[in-house]
Amino acid sequence: MNKRLIYTLIGAMVLMVSCSDDFLERPPLDELSEDTFWKTEEDLYKAVNGIYNQLPAEGFIYDDGSSDNAHAQYPWESTATEVSSGSITTAANAGWGYIDKRRCNYFLENADAVENADPGLLARYKAEVRFIRAFSYFRMMSKFGAVPLVTTTLNIDEVDVPRTPREEVLDFILNELEAAAEVLPVSYPGGKPDEKGRVTKGAALALKARVHLYEGQWQEAADAARRVMDLGVYDLFKLDTESNINLQDNYSHWVDFDDEADKKRFRLGLRSYEALFHQEYEGNKEVILDRQRIPQVDDNFLNTYLPPGSIGGWSSVTPTQELVNSYNSYKTGEPVTPPSPEQRATWYDSEDPAFEEEFRNRDPRLYATIMFPGSPWNAIEDGFVFEWIQGASNMSQTGYNFRKLVDPKIYRENIGNHANVILIRYAEVLLTYAEAGNELSGPDASVYDALDQIRERAGMPPVDRNFHNTKEKLREVIRNERRVELALEGHRYMDIRRWETAPEVMKDINNIRNTTAQSRIWDAKLYLMPVPQSEIDLSDGIIEQNPGY
């Protein structure tokens, strides 16, 4: 348990209650009071841990469902179905909220009341909380633009706060992250109150790099990413062996291996990529920040949301054909030409062996990420081969399911998936550096090297430097590499908006039988989400709506 943050006493952040009646002046036994809290370092410890549970969790899969990567087929689970179809209205809430920010503000206002607290520890706790608050504002700003910037706890008569100009919110986020990075340690040794999994200097700098990247601030993004890289504590996660059960998967059916060395490279690339998300390897050297989970207490539900109904899942978020098409050739590293939708449907319906050709010799990350008809996965069940059962309960509407983020060992043990949910990892930092560096001054050795590190881990060939030798050519490589490496991790939603490619890619999605899985309409207003009308009403109209809603 010492490697997790125990989310105890979350109630420390709720509204404190006091009574004026002398008979009731004793502290209540079932809640915390300002009269008894904020006294010791233990109070600080519990209060900070209570804030950590406000970090985002597996809900980021629905951000992919709001993009061209995936289909979120149940509108009652999230707003992703409405966002992707272009039908979202002001009745929905796509992420507007202040509970987490209020908890952070409350802590920062009261932490100094603890007497005799170790100054260094107090400063570190404040930096952790400032990071979480900045992260929250960044996620909200990314979806809504200008938002009310509130840095103090408000009284009931102070809640009608107008939207702060976006530039001011952005400056606040970046300044907070830099200030946090100056205080936070590079790593934690473990043990109370230095549990591994707390926010680090690397997390603050990596998030800062992400913010700059989203803003098109190439030099600042590259500099922040380089600072993370230069810390020397992160690397891409790699396995050097396969388990016996994984060895049972027959990938020789899908890949034309040159020799045993080629086979090993492919298989270890696949296994390394998929295993970095599994509970057995949580906290590995690629992880910069993850949402901690407590075994047998705090499920992440990914083993339920993603698999098909045939193995107990819900198929809540499923891959699109366009995502499948984005996985390049394992042999050349270059894009492949998929069959036409009509040809694919004909082959599938007639059970023609030619249907399988589309899935041969592809990027190992395809096999680690997506279940396609005929794909093996003995780790989930002996002899398991994915079969799409169209129209059956909890089955995909696209013909594919995700296997990425699903933990097969947990499935076999018939227990909840308590793997920590990775929020920032080193591969993203390398991709940030590559994109920012290329946009800044075009290809150079450091940009190619960042990309090749990721491709080598996946078992893919390096980038062809002679062919992809211009900013424009390498830009397409980088964008596709972000798509396949970070699939289902919530990045694609913002990527297609900041690149302004959403109008081109947000189109109707069909299943493998070439029938419509979801109709989609893109409108320019979807670059920003609507402010919930309920929030505008509560503010007496002081909060203004985004254009087009």
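Keep in mind that what you see is a predicted model, and the values were worked out from it rather than measured. (Residues numbered from 1 in each chain as written. Predicted model: local features only at pLDDT ≥ 70, side-chain atom pairs only at ≥ 80, totals over all residues. Heavy atoms only, no water.)

1. Structural notes on the overall build of the chain
Next up, step 1: Helix and strand counts for the chain come out as 21 helices and 8 strands.
Next up, step 2: In the chain, which comprises 549 residues, the share counted as buried stands at 56%.
Next up, step 3: Across the chain, every contact between residues at least 6 apart in sequence was considered, and the portion connecting residues at least 24 apart equals 75%.
Next up, step 4: Looking at the chain as shown, the accessible area adds up to about 22,400 Å², and 49% of this sits on carbon and sulfur atoms. (Helix = DSSP H or I, 4+ residues; strand = E, 2+ residues; numbered from the N terminus. Buried < 20%, exposed > 50% of the residue type's maximum accessible area, 1.4 Å probe, protein only. Contact = heavy atoms within 4.5 Å. Areas by Shrake-Rupley, 256 points an atom, 1.4 Å probe, with all protein chains shown as cover.)

2. A closer look at the packing of helix α4 (residues 99-110) against helix α5 (residues 119-144)
When two helices pack together, their arrangement is given by the angle between the helix axes and by the axis-to-axis distance.
Next up, step 1: In the contact formed by α4 and α5, the axes pass within 9 Å of each other and the chain directions differ by 155°. One element, α4, and the other, α5, form an angle in the roughly antiparallel class. Relative to α5, α4 is oriented so that their crossing is left-handed. Listed contacts from α5 to Asp 100, Lys 101, Cys 104, Asn 105, Phe 107 and Leu 108 of α4 are Tyr 125, Lys 126, Val 129, Arg 130, Ile 132, Arg 133, Ser 136, Tyr 137, Arg 139 and Met 140. (Axes fitted to C-alpha atoms, helices over the stretch in contact; angles between N-to-C directions. Parallel < 35°, antiparallel > 145°, perpendicular 65-115°, else oblique. Left-handed = near helix turned anticlockwise from the far one by under 90°.)

3. Some details on the side chain of Glu 282
Next up, step 1: Looking at the secondary structure, you find Glu 282 in the loop between α10 (260-275) and β2 (287-291).
Next up, step 2: On the accessibility criterion, Glu 282 (14% relative accessible area) is buried.
Next up, step 3: A distance of 3.0 Å separates the side chain of Glu 282 from the backbone nitrogen of Asn 420, its partner in a polar contact. (Polar contact = N/O pair within 3.5 Å; in protein donor to acceptor, adjacent residues only side chain to side chain.)

4. Observations regarding the environment of Ile 424
Next up, step 1: The topology assignment puts Ile 424 in strand β6 (residues 421-425).
Next up, step 2: What makes Ile 424 buried here is its relative accessible area of 1%.
Next up, step 3: Along the primary structure Ile 424 and Val 287 are separated by 137 residues, whereas in three dimensions their C-alpha atoms are 6.6 Å apart.
Next up, step 4: Non-local contacts of Ile 424, meaning those with residues more than four positions away in its chain, are made with Ala 203, Ala 206, Leu 207, Arg 210, Glu 286, Val 287, Ile 288 and Leu 289.

5. Re empty space enclosed by the protein
Next up, step 1: In total, this model carries 2 cavities of 30 Å³ or more according to the counting rule given.
Next up, step 2: Here the largest cavity is characterised by a volume of approximately 80 Å³.
Next up, step 3: Taken together, the residues of the lining of the largest cavity break down into 7 nonpolar, 3 polar and no charged.
Next up, step 4: In this structure, the second largest cavity encloses a volume near 30 Å³. (1 Å grid on protein atoms, 1.4 Å probe; cavity = no way out; pocket = protein on both sides within 12 Å on 5 of 7 lines; lining within 4 Å. Points joined across faces, edges and corners; volume = space filled by probe spheres on them. Nonpolar A, V, L, I, M, F, W, Y, C, P; charged D, E, K, R; others polar.)

6. Brief notes about the layout of surface pockets
Next up, step 1: Each pocket or cavity is described by its volume, and for the largest pocket that value is around 1,000 Å³.
Next up, step 2: Taken together, 38 residues make up the lining of the largest pocket; nearest its centre are Pro 56, Gly 59, Asp 63, Arg 139 and Lys 143.
Next up, step 3: Elements that contribute at least two residues to the lining of the largest pocket include exactly α2 (61-65), α4, α5, α7 (201-214), β6 and α19 (492-498).
Next up, step 4: Looking at the lining of the largest pocket element by element, the count peaks at 7 residues for α5.
Next up, step 5: Its residues assigned to classes, the lining of the largest pocket comprises 16 nonpolar, 13 polar and 9 charged.
Next up, step 6: Reported here for the second largest pocket is a volume of approximately 600 Å³.
Next up, step 7: Lining the second largest pocket are 25 residues, and of these Ser 326, Glu 476, Arg 479, Asn 480 and Arg 483 lie nearest its centre.
Next up, step 8: In terms of residue count, helix α18 (residues 471-485) provides more of the lining of the second largest pocket than any other element does, 7 residues in total.
Next up, step 9: Looking at the lining of the second largest pocket residue by residue, the classes come out as 6 nonpolar, 7 polar and 12 charged.

7. Quick look at the side chain of Glu 358
Next up, step 1: Within the secondary structure layout, Glu 358 lies in the loop between α13 (341-349) and α14 (364-369).
Next up, step 2: At 2.9 Å, the side chain of Glu 358 forms a polar contact with the side chain of Gln 321.
Next up, step 3: Separated by 2.9 Å, the side chains of Glu 358 and Arg 344 make a polar contact.
Next up, step 4: With residues up to four places along the chain from it excluded, the contact list for Glu 358 reads Gln 321, Asn 325, Pro 338, Pro 339 and Arg 344.

8. Points about the packing of aromatic side chains
Next up, step 1: Within the structure shown, the criterion is met by 29 aromatic pairs.
Next up, step 2: When the ring of Phe 359 is compared with that of Phe 372, the centres are 4.5 Å apart and the planes differ by 5°; the resulting orientation is stacked. Of this pair, Phe 359 sits in the loop between α13 and α14 while Phe 372 sits in the loop between β4 (370-371) and β5 (401-402); the two residues are 13 residues apart in sequence, bridging distant segments of the chain.
Next up, step 3: A relative accessible area of 1% means that Phe 359 is categorised as buried.
Next up, step 4: On the accessibility criterion, Phe 372 (1% relative accessible area) is buried.
Next up, step 5: Of the aromatic side chains, those joined through ring pairs into one cluster are Tyr 251, Trp 254, Phe 257, Phe 266, Tyr 330, Tyr 348, Phe 355, Phe 359, Tyr 367, Phe 372, Trp 388 and Tyr 400.
Next up, step 6: Lying over the aromatic face of Tyr 98, Lys 101 brings its terminal NZ or CZ to 4.9 Å of the ring centre.
Next up, step 7: Taking the ring centre of Tyr 137 as reference, the NZ or CZ of Lys 101 above it sits at 5.2 Å. (Phe/Tyr/Trp six-rings, centres within 6.5 Å; stacked < 30°, edge-to-face > 60°. Lys NZ or Arg CZ within 6 Å of the ring centre and 35° of its normal.)

9. Let's talk about helix α16 (residues 426-441)
Next up, step 1: Taking 1.5 Å per residue, 16 residues should reach 22 Å; α16 reaches 23 Å between its end C-alpha atoms and fits that length.
Next up, step 2: For α16, the tally of buried residues reaches 14 of 16 residues, placing the bulk of the element in the interior.
Next up, step 3: Immediately downstream of α16, the backbone of Gly 442 shows phi near 85°, a positive value. (Expected span 1.5 Å × (residues − 1).)

10. A few points about the packing of helix α8 (residues 218-229) against α16
Next up, step 1: Where α8 meets α16, the axes come as close as 8 Å, and the angle between the chain directions of the two elements is 145°. For the crossing formed where α8 meets α16, the hand is left-handed. Between α8 and α16, the contacting residues are Trp 218, Gln 219, Ala 221, Ala 222, Ala 225, Arg 226, Val 228 and Met 229 on the first element and Tyr 426, Val 429, Leu 430, Thr 432, Tyr 433, Glu 435, Ala 436, Gly 437, Glu 439 and Leu 440 on the second.
Next up, step 2: The class makeup of the residues in the contact of α8 with α16 is 12 nonpolar, 3 polar and 3 charged.

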